[in-house]
Amino acid sequence: MPSNDARNLLQIAVPTAAAGAIVVAVSAAVAGGKGALGAGIGTLLAILFMGIGLYVLQWTAKTLPQLFQAMGLMLYVAQLLLLLIFVALFQDTSLFNAKAFAISLVVATVVWMAAQARAHMKAKIFYIDPDSAKSEKTEKTGPSS
């Protein structure tokens, strides 16, 4: 992973993990150990899904740039549907508190997207590819005298 991508991941994952820790603490206070477990699993699941999505989106941007926007839209829809499926699957579980799980999924997802938008806005991204101008030979056009 290039250093810029790793820096973006760090700027996104750290606030998400911090928000997840807050949700785990609140869930532990409100719902006990099962609440903390549910919130922890929800936060980890959201970070895992969003992290894999970020990796796939960066790979698409490098290998198939013409599909970048379509892939981004499809990826976010797929991530949200998968998270919704996990909430539906674990709504009646007795392993952990399902409400804490669902709340932590939503909080971690919203914080991830906000941090990703902030990291993108602060990133210094070239509008042109500076290497392509150097590699092309200048051709003379017009009459030579």
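In this report, we go over the structure that sits alongside the text.

Next up on the list: the packing of aromatic side chains. Within the structure shown, the criterion is met by 5 aromatic pairs. Each ring, one from phenylalanine 49 and one from phenylalanine 86, has its centre 5.4 Å from the other, and the planes form 70°; the classification is edge-to-face. Linking phenylalanine 49 in helix H1 (residues 3–63) with phenylalanine 86 in helix H2 (residues 68–89), this pair joins segments that are 37 residues apart in sequence. For phenylalanine 49, a relative accessible area of 14% puts it in the buried group. Site record: aromatic cluster; members linked through ring pairs are Phe49, Phe86, Phe90, Phe96 and Phe101.

For an α-helix, the turn length of 3.6 residues means that residues three or four places apart are oriented alike. Its 22 residues place the ends of H2 31 Å apart at the C-alpha level, agreeing with the 32 Å of an ideal helix rising 1.5 Å per residue. All buried positions along H2 are accounted for by Gly72, Leu75, Gln79 and Leu83. Down the axis of H2, the buried set is contained in an arc of 65°. They therefore lie on one face. Away from its buried face, by an angle of more than 90 degrees, H2 presents the exposed residues Ala70, Leu73, Leu84 and Leu89.

So, on to helix H3 (residues 98–122). Here H3 contains 25 residues, and its C-alpha end-to-end distance of 36 Å stays within 8% of the 36 Å for a straight helix at 1.5 Å per residue. When H3 is considered as a whole, its buried residues turn out to be Ala98, Ala100, Phe101, Ser104, Leu105, Ala108, Thr109, Trp112, Ala115, Gln116 and Ala119.

What counts, and where the lines are drawn
- Position labels on residues start from 1 in each chain and follow its written sequence.
- With pLDDT at 70 or above as the cut-off, local features in this predicted model cover only qualifying residues; side-chain atom pairs require 80 or more to be listed or tallied, and sums for whole chains, interfaces and linings still use all residues.
- Working from all heavy atoms in the structure, the side-chain values ignore hydrogens and water.
- Planes of paired rings set the category: under 30 degrees apart is stacked, over 60 is edge-to-face and the rest tilted, where pairs are Phe, Tyr or Trp rings (Trp by its six-membered ring) whose centres lie within 6.5 Å.
- Only DSSP runs of H or I covering at least 4 residues are called helices, and only runs of E covering at least 2 are called strands; the numbering of each starts at the N terminus.
- Each residue's exposure class comes from its accessible area (1.4 Å probe, protein chains only) as a fraction of the maximum for that residue type: buried when under 20%, exposed when over 50%, partly exposed otherwise.
- For a helix, the expected span equals 1.5 Å multiplied by the residue count minus one.
- An arc is given here, and it is the one of the directions from the helix axis to the C-beta atoms.

Don't take any of this as a statement about function, it's just geometry.
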